[in-house]
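# Breakdown of the fold
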Amino acid sequence: MKYSLKIFTIFGIPVELHFSFLLLMLAIYLVAVLNLIPGVDVVVAVLITLLFVAVVLHELTHSYVAQRYGVEIERIVLLPIGGVSAMKELPKDPHQELMIAVAGPLVNLVLAVVLYPVFLLFGNSLSPSLNFLLYYFILMNFLLGAFNLLPAFPMDGGRVLRAYLAERMNFIKATETAASIGKTLAILMAIVGILINPFLILIAIFVYLGADQESKMVLLNTLLEGINVRDIMTREVKTVNPTDTVDEVLKVMFQHKHMGYPVYKDGELLGIITFHDLSPVPEEKKHLPVEEFMTRDVLVTSPDEDVATVLEKLNLNNVGRLPVVQDGKLVGIISKTDIMKALEMRKGRMSS
Ligand SMILES: [Zn+2]
């Protein structure tokens, strides 16, 4: 990952610190050592470090189990918001998915359960600082494990639930069911929160949004899996010349009912022109060539790219279509509409 520093490799998995994380830790220790904020001393700084130790253990366990199932782990990166395991394709086998998902929270819970008796027996003989650190390390592990086992996306528990359901129904139905259980749980949590603790409402909102978004993404990726650009792209691309006038191109748009065209000349893709670019052009400028209004930095795709990635690109850049280029030549065009059509077809086929 960009801007991260590898600290060690274990089980062949590189563990990296993102530089924002490094800065944060540096800031915390600086505040602690210089006593800039009352109450934040070195013990607190160590405690925060321990929290990240618990997070690394959690991520490492996910990764370790995944690796046992043959999943390639690229790295684990620590960010200020937690840890991220970068894995190539997760297994589609529900049992394997379940084991990978449950392993992370389990290691935290086991740690809490094992350390708690140690704390009860020997806690008093430790120095007050060590006693404090041990107690909170146990509590953090317990909370981390328990919270992640909530049966809602994007928590591990959501994945566990989905995998459990997927052994009994098809993957899409399982994802939808898991998502609605997660949302119901969030609503219940919010109700309890209103009665007991407003902090729960915040968590409930987080859980609800996560369940909603994650399930949509999982569903999309599942539906689009295995579809490449070449499978659904439009091959006969209507292109326009850079010297065509705005008037002419607008006419073409109304005739063919396509809202965007590659601007192409002598085998070279010069840009892309959309209705969005042309509609604000005032009447007196409609005799000008479209090259003056086209977007020049064109994002392109290739026939071999998978459609899920293309959809991500489209959304990220807020564009409706991408020209498909192979060996420098324009071979097709793929639009959001094409992808949505493919989605609908898959959905109809897979849920029947
Ligand atoms: Zn996890």
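Here, every reference points to the structure presented above.
Presented here is a report on the structure given in the accompanying data block. The shown structure was predicted, so the numbers you read here are calculated from the model rather than taken from an experiment.

### Let's talk about the packing of aromatic side chains
Within this structure, the stated rule accounts for 8 aromatic pairs. A ring pair is formed by F21 and F52, whose centres lie 4.5 Å apart and whose planes are at 80°; its orientation type is edge-to-face. Within this pair, whereas F21 is found in helix α1 (residues 19-34), its partner F52 is found in helix α2 (residues 42-68), the two being separated by 31 residues in sequence. With relative accessibility at 5%, the residue F21 sits in the buried group. Here F52 falls in the buried class, since its relative accessible area comes to 8%. Look at Y116 and F119: their rings are 6.3 Å apart centre to centre, the planes differ by 25°, and that puts the pair in the stacked class. Of the two residues, Y116 and F119 both sit in helix α3 (residues 94-122), 3 residues apart, roughly one turn of that helix.

### Remarks on the pairing of strand β1 (residues 4-10)
Alignment of β1 against strand β2 (residues 13-18), held across 6 bridges, turns out to be antiparallel. Looking across to β2, one finds that F8 is bridged to V15. In sequence, β1 turns back onto β2 through a hairpin of 2 residues, with F11 there showing a positive phi of about 50°.

### Description of the pattern of salt bridges
For the structure shown, the criterion picks out 7 salt bridges. One salt bridge connects D304 with R230, and the closest N-O pair in it is separated by 2.4 Å. Of this pair, D304 sits in the loop between α10 (275-278) and α11 (307-317) while R230 sits in helix α8 (residues 229-232), placing them 74 residues apart in sequence. We classify R230 as partly exposed; its relative accessible area is 33%.

### A few points about the coordination of the zinc ion
Distances from the zinc ion to its protein donors, H58 (NE2), H62 (NE2), D156 (OD) and D156 (OD), fall at 2.0 to 2.7 Å. The site at the zinc ion holds 4 donor atoms, and with the angles between them running 54 to 150°, its shape is irregular. Expressed as a motif, the donor residue spacing for the zinc ion is H-x3-H-x93-D. Residue H58 is found in helix α2, and its partner D156 is found in helix α5 (residues 156-166); the two are separated by 98 residues along the sequence. Residue classification places H58 among the buried positions, given a relative accessible area of 5%. On the basis of relative accessibility, which here comes to 11%, the residue D156 falls in the buried class.

### With respect to the nonpolar core
Counting residues in hydrophobic clusters, the biggest one holds 26 residues, and the most contacted among them are F21 and L78. Mapped by element, the contributors of at least two residues to this core are β2, α1, α2, β3 (73-79), α3 and α4 (128-148). Take this core: its biggest share by element is 9 residues, from α2. Core analysis: the second largest hydrophobic core is formed by 19 residues, L223, I232, V307 and V310 among them.

### Details of a nonpolar patch on the surface
Nonpolar side chains collect at one region of the surface, where I187, L188, I191, V192, I194, L195, I196, I205, Y208 and L209 lie side by side and expose about 1000 Å² of accessible area between them. Contributing elements (two or more residues each) for the nonpolar patch: α6 (171-195) and α7 (198-224). No other element matches the 6 residues that α6 contributes to the nonpolar patch. With respect to the helices, strands and loops of the structure, I205 is situated in helix α7.

### Describing α7
Counting along an α-helix, one turn takes 3.6 residues, and residues three or four places apart therefore face a common direction. Over its 27 residues, α7 runs 40 Å from end to end, which matches the ideal 39 Å to within 8%, given 1.5 Å per residue. Taken residue by residue, α7 has I203, A204, V207, G210, A211, E214, S215, V218, L219, T222, L223 and L224 as its buried positions. The opening residue of α7, the one whose side-chain oxygen lies 3.0 Å from the backbone nitrogen of F199, is N197. Phi turns positive, to about 85°, at G226, one or two residues after α7.

Conventions and cut-offs
- Residues numbered from 1 in each chain as written.
- Predicted model: local features only at pLDDT ≥ 70, side-chain atom pairs only at ≥ 80, totals over all residues.
- Heavy atoms only, no water.
- Phe/Tyr/Trp six-rings, centres within 6.5 Å; stacked < 30°, edge-to-face > 60°.
- Helix = DSSP H or I, 4+ residues; strand = E, 2+ residues; numbered from the N terminus.
- Buried < 20%, exposed > 50% of the residue type's maximum accessible area, 1.4 Å probe, protein only.
- Pairing = 2+ DSSP bridges.
- Salt bridge = Lys/Arg side-chain N within 4 Å of Asp/Glu carboxyl O.
- Donors = N, O, S within 2.8 Å, 3.2 Å for Na, K, Ca; no water.
- Tetrahedral: all angles 85-135°; square planar, octahedral: opposite > 155°, others 65-115°.
- Core = buried A, V, L, I, M, F, W, Y, C linked by side-chain atoms within 4.5 Å.
- Patch = residues over 30% accessible without salt bridge, like charges linked within 9 Å, V, L, I, M, F, W, Y side chains within 5 Å.
- Areas by Shrake-Rupley, 256 points an atom, 1.4 Å probe, with all protein chains shown as cover.
- Expected span 1.5 Å × (residues − 1).
- Polar contact = N/O pair within 3.5 Å; in protein donor to acceptor, adjacent residues only side chain to side chain.

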